[in-house]
Amino acid sequence: PFVVTENCIKCKYTDCVEVCPVDCFHEGPNFLVIDPDECIDCTLCEPECPINAIYPEDDVPAGQEQFVALNAELSKAWPVITTRKDGLPDAKDWEGKPDKLPLLEK
Ligand code: SF4
């Protein structure tokens, strides 16, 4: 499956959710995740993310391996999102910032 990684935190652009053919994106307060049990590896979402936060499970950036488990865990708790909406109000300020994991709201 594909995995949403750290750069999504506090940005949450949602361009990815509209292209997913199996509606497997789930939305939390400041982050999106993909349900690994539903993702069919179609690859459509990956280029949609304007800040490159989506990766194949076996190719997540070094040090971000914990996001594989986080997507699995949080997708069971959060509601499905299928319609694009605006990113978070201060998303621009958080693009590409390191060490955002402690800021993830569950
Ligand atoms: Fe959905 Fe395809 Fe992205 Fe998987 S790879 S989350 S099926 S758009």
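This text gives an overview of the structure that appears in the document.

Scoring rules and cut-offs
Residues numbered from 1 in each chain as written. Predicted model: local features only at pLDDT ≥ 70, side-chain atom pairs only at ≥ 80, totals over all residues. Heavy atoms only, no water. Helix = DSSP H or I, 4+ residues; strand = E, 2+ residues; numbered from the N terminus. Buried < 20%, exposed > 50% of the residue type's maximum accessible area, 1.4 Å probe, protein only. Lys, Arg positive; Asp, Glu negative; His and termini not counted. Salt bridge = Lys/Arg side-chain N within 4 Å of Asp/Glu carboxyl O. Polar contact = N/O pair within 3.5 Å; in protein donor to acceptor, adjacent residues only side chain to side chain. Contact = heavy atoms within 4.5 Å. Core = buried A, V, L, I, M, F, W, Y, C linked by side-chain atoms within 4.5 Å. Expected span 1.5 Å × (residues − 1). Arc of directions from axis to C-beta.

**Some thoughts on the side chain of Lys100**
Here Lys100 shows up in the segment after helix H3 (91-94). Buried charge without a partner: Lys100 forms no salt bridge, and the closest opposite charge is Glu6, 7.4 Å away. A distance of 2.9 Å separates a polar side-chain atom of Lys100 from the backbone oxygen of Trp94. Leaving out residues up to four positions away in the same chain, Lys100 has contacts with Glu6, Asn7, Ile9, Cys11 and Trp94.

**Notes on the nonpolar core**
Among the nonpolar cores identified, the biggest contains 30 residues, and Phe25, Phe31, Ile34 and Ile54 are the most heavily contacted of them. Secondary structure elements with two or more residues in this core: strand S1 (2-4), helix H1 (15-19), strand S3 (32-34) and helix H2 (66-77). When sequence neighbours within four positions are dropped, the list of residues in contact with Ile54 reads Phe2, Val3, Val4, Cys16, Phe25, Ile34, Cys45, Glu46 and Cys49.

**Some thoughts on the pattern of salt bridges**
All told, the structure shown has six salt bridges when counted by the stated rule. Lys85 is paired through a salt bridge with Glu27; the nearest N and O atoms lie 2.7 Å apart. With Lys85 in the loop between H2 and H3 and Glu27 in strand S2 (residues 25-27), this residue pair connects regions lying 58 residues apart in the sequence.

**What about H2?**
Along an α-helix, a turn takes 3.6 residues, which lines up residues three or four apart on a common side. In this model, H2 (twelve residues) spans 17 Å end to end at C-alpha, consistent with the 16 Å of a helix rising 1.5 Å per residue. Every buried residue belonging to H2 is among Phe67, Leu70, Asn71, Leu74 and Ser75, and all of these are buried. Down the axis of H2, the buried side of the element spans an arc of 120°, and every buried residue falls inside it. Residues of H2 that are buried make contact with S1, S2 and S3.

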